[in-house]
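Each chain, written out:
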Amino acid sequence: MLQTFAHYGCHFLIPLFIALVWYKSNWKFAFLIMLSGMLIDLDHLLANPIFDPNRCSINFHPLHSYFAITFYLFLLVPKKSRLLALGLVIHIFSDIVDCLFM
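Residues numbered from 1 in each chain as written. Predicted model: local features only at pLDDT ≥ 70, side-chain atom pairs only at ≥ 80, totals over all residues. Heavy atoms only, no water.

**Describing the state of the cysteines**
And step 1. Within the structure shown, the criterion is met by one disulfide.
And step 2. Covalently, Cys56 is tied to Cys99 through a disulfide, its sulfur atoms 1.9 Å apart. Handedness here is read from the sign of the S-S torsion; for Cys56 and Cys99, about 95 degrees, the answer is right-handed. With Cys56 in the loop between helix 2 (27-35) and helix 3 (66-74) and Cys99 in helix 4 (residues 82-100), this pair connects stretches of sequence that are 43 residues apart.
And step 3. Among the cysteines around Cys10, which has no disulfide bond, Cys99 carries the closest sulfur, lying 12 Å off.
And step 4. On the basis of relative accessible area, Cys10 is assigned to the buried category, the value being 12%. (Disulfide = S-S within 2.5 Å. Helix = DSSP H or I, 4+ residues; strand = E, 2+ residues; numbered from the N terminus. Buried < 20%, exposed > 50% of the residue type's maximum accessible area, 1.4 Å probe, protein only.)

**Comments concerning helix 3**
And step 1. All of the buried residues along helix 3 are Ala68, Ile69 and Tyr72. Down the axis of helix 3, the buried side of the element spans an arc of 100 degrees, and every buried residue falls inside it. Exposed residues on helix 3 whose side chains face more than 90 degrees from its buried face are Tyr66, Phe67 and Phe74. (Arc of directions from axis to C-beta.)

**Notes on a nonpolar patch on the surface**
And step 1. A grouping of Leu2, Phe5, Tyr8, Phe12, Leu13, Ile96, Leu100 and Phe101 is seen on the molecular surface, where their side chains present a nonpolar patch of about 860 Å² in accessible area.
And step 2. At the level of elements, helix 1 (2-22) and helix 4 are the ones that each hand at least two residues to the nonpolar patch.
And step 3. Broken down by element, the residue count for the nonpolar patch peaks at five residues, all from helix 1. (Patch = residues over 30% accessible without salt bridge, like charges linked within 9 Å, V, L, I, M, F, W, Y side chains within 5 Å. Areas by Shrake-Rupley, 256 points an atom, 1.4 Å probe, with all protein chains shown as cover. Salt bridge = Lys/Arg side-chain N within 4 Å of Asp/Glu carboxyl O.)

**A few points about the environment of Ile18**
And step 1. Mapping Ile18 onto the fold places it in helix 1.
And step 2. Ignoring any residue separated from it by four or fewer positions in sequence, one finds Ile18 in contact with Tyr23, Met34, Leu86 and Ile90. (Contact = heavy atoms within 4.5 Å.)

**Quick word on the side chain of His91**
And step 1. Looking at the element boundaries, His91 is found in helix 4.
And step 2. Residue His91 is classed as buried on the basis of its relative accessible area, which comes to 1%.
And step 3. Apart from residues lying up to four places away in sequence, His91 is in contact with His11, Gly37, Met38, Ile40, Asp41 and His64.

**So, the nonpolar core**
Note that soluble globular proteins tend to have their nonpolar side chains buried in a common cluster.
And step 1. One finds Ile40, Ile58, Ala68, Ile69, Tyr72, Leu75, Ala85, Leu88, Ile92 and Cys99 forming the largest nonpolar core, which totals ten residues.
And step 2. When contributions to this core are tallied by element, the ones reaching two or more residues are helix 3 and helix 4.
And step 3. With four residues, the single largest contributor to this core is helix 4.
And step 4. Setting aside chain neighbours within four positions, we find Leu88 in contact with Gly37, Ile40, Tyr72 and Leu75.
And step 5. Ranked by size, the runner-up nonpolar core spans eight residues in total, among them Ile18, Ala19, Met34 and Leu83. (Core = buried A, V, L, I, M, F, W, Y, C linked by side-chain atoms within 4.5 Å.)

These figures come from the coordinates and say nothing about function on their own.
Here is the structure:
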């Protein structure tokens, strides 16, 4: 139960907090862009089984690989890609938190 709350809390509450604090005037837009970082979970469709509660996503799925994570970190630098990059990095952070419970 704590694992589920920590994982999904990170996925939704951290982007919401960032949007409300740093993007007050456009918080809904910022929140939605950061949430779009969850689309990298589409790479789970390549795994068999698609969902395994005892599997750590980090470096297992292609969009959760160390190479991809490095790319997401570089995306934080340009201002135009920063919101999406924040969503991706928060997503990876959430998955790391999930892996700590295993």
